[in-house]
Amino acid sequence: METLSELISKLLSDNKFSAIKEMLTEMNIVDIAAIMEDLTPEEQVRSFRLLPKTSSADFFSYLDSDIQSNIVEAITNKELTFLVEDMFIDDAVDFLEEVPANVVTRVLAHTNPETRELINRFLQYPENSAGSIMTIEMVSFPDTYTVKQAIEHIRKTALDKETIYTCYCTDGKRKLVGTVPLRRLIVSPEDTMVKDIMYDDDQLIFVNTLDDQEEVANIAKK
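Note that this is a predicted model, so its numbers are computed, not measured. (Residues numbered from 1 in each chain as written. Predicted model: local features only at pLDDT ≥ 70, side-chain atom pairs only at ≥ 80, totals over all residues. Heavy atoms only, no water.)

Novice: I would appreciate a short explanation of the overall build of the chain in the present structure.
Specialist: Counting secondary structure elements, the chain contains 14 helices and four strands. The dimensions of the chain, computed from C-alpha atoms along their principal axes, are 60 × 40 × 35 Å. For the chain, buried positions account for 39% of its 222 residues. Considering only contacts within the chain whose residues lie at least 6 apart along the sequence, 62% involve residues at least 24 apart. Looking at the chain as shown, the accessible area adds up to about 13,600 Å², and 50% of this sits on carbon and sulfur atoms. (Helix = DSSP H or I, 4+ residues; strand = E, 2+ residues; numbered from the N terminus. Buried < 20%, exposed > 50% of the residue type's maximum accessible area, 1.4 Å probe, protein only. Contact = heavy atoms within 4.5 Å. Areas by Shrake-Rupley, 256 points an atom, 1.4 Å probe, with all protein chains shown as cover.)

Put into structure tokens, the structure is as follows:
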């Protein structure tokens, strides 16, 4: 029986790109990443370019570092810029920690200054620290927002966030003072103040960026 990787190889050799696009669009990105391992380096690049632009960055983060390096070395600078800018920062850092120095140099050279600064900051954290695996792409807003303002803020920014299910509430100095689940916002009256429904600082559990990953994992598990 023909495997999916063999089918994709055959379709690529026959230049049946529309059929491949349709197939990849219907598949889970994790499954596609597994299939990539059985393709030749050239087929990996050609398949990657057929992925929908909206999912290529998410898909890229699931690939083996050797395949990631192969793709980066083959795509254009414009494609590279789009890819990195569309990735979550922690995924981009994970990728850069595993690839050769020349790939890191090229990626950073074709990233906008703001993203490059964030990536470099994350790369400076020790390998096994909490900072090296954290994300900054979460939803936060002032505790003085109303529920209506908070939901409008989520709608405007959610596409760029890695998670929206727990929202972080800050004071005037942007200090974390509480959290509120998305579900709680949705079921609360629009004119309710966020600070009146958030879980306040008495319940906050936090770690430092230099704490060991295993210690952080144990705290999160509890």
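Novice: Mind showing me how you'd approach the packing of helix 1 (residues 4-13) against helix 4 (residues 41-49) here?
Specialist: Orientation of helix 1 relative to helix 4, taken along the N-to-C sense of each, is 80°, at an axis distance of 11 Å. Our classification of the angle between helix 1 and helix 4 gives roughly perpendicular. Judged by residue contacts, Ile8, Ser9 and Leu12 of helix 1 engage Glu43, Arg46 and Ser47 from helix 4. The residue inventory of the contact of helix 1 with helix 4, partitioned by class, reads two nonpolar, two polar and two charged. (Axes fitted to C-alpha atoms, helices over the stretch in contact; angles between N-to-C directions. Parallel < 35°, antiparallel > 145°, perpendicular 65-115°, else oblique. Nonpolar A, V, L, I, M, F, W, Y, C, P; charged D, E, K, R; others polar.)

Novice: Would you explain helix 1 in this entry?
Specialist: Three or four residues apart is the spacing at which side chains of an α-helix point the same way, because the helix has 3.6 residues per turn. Within the sequence span of helix 1, burial applies to Ser5, Ile8, Ser9, Leu11 and Leu12. Projected down its long axis, helix 1 carries its buried residues within an arc of 165°, all on one side. In this structure, the buried residues of helix 1 make contact with helix 2 (17-26), helix 3 (29-36) and helix 4. Remark: Asn15 follows helix 1 within two positions and exhibits a positive phi of approximately 60°. (Arc of directions from axis to C-beta.)

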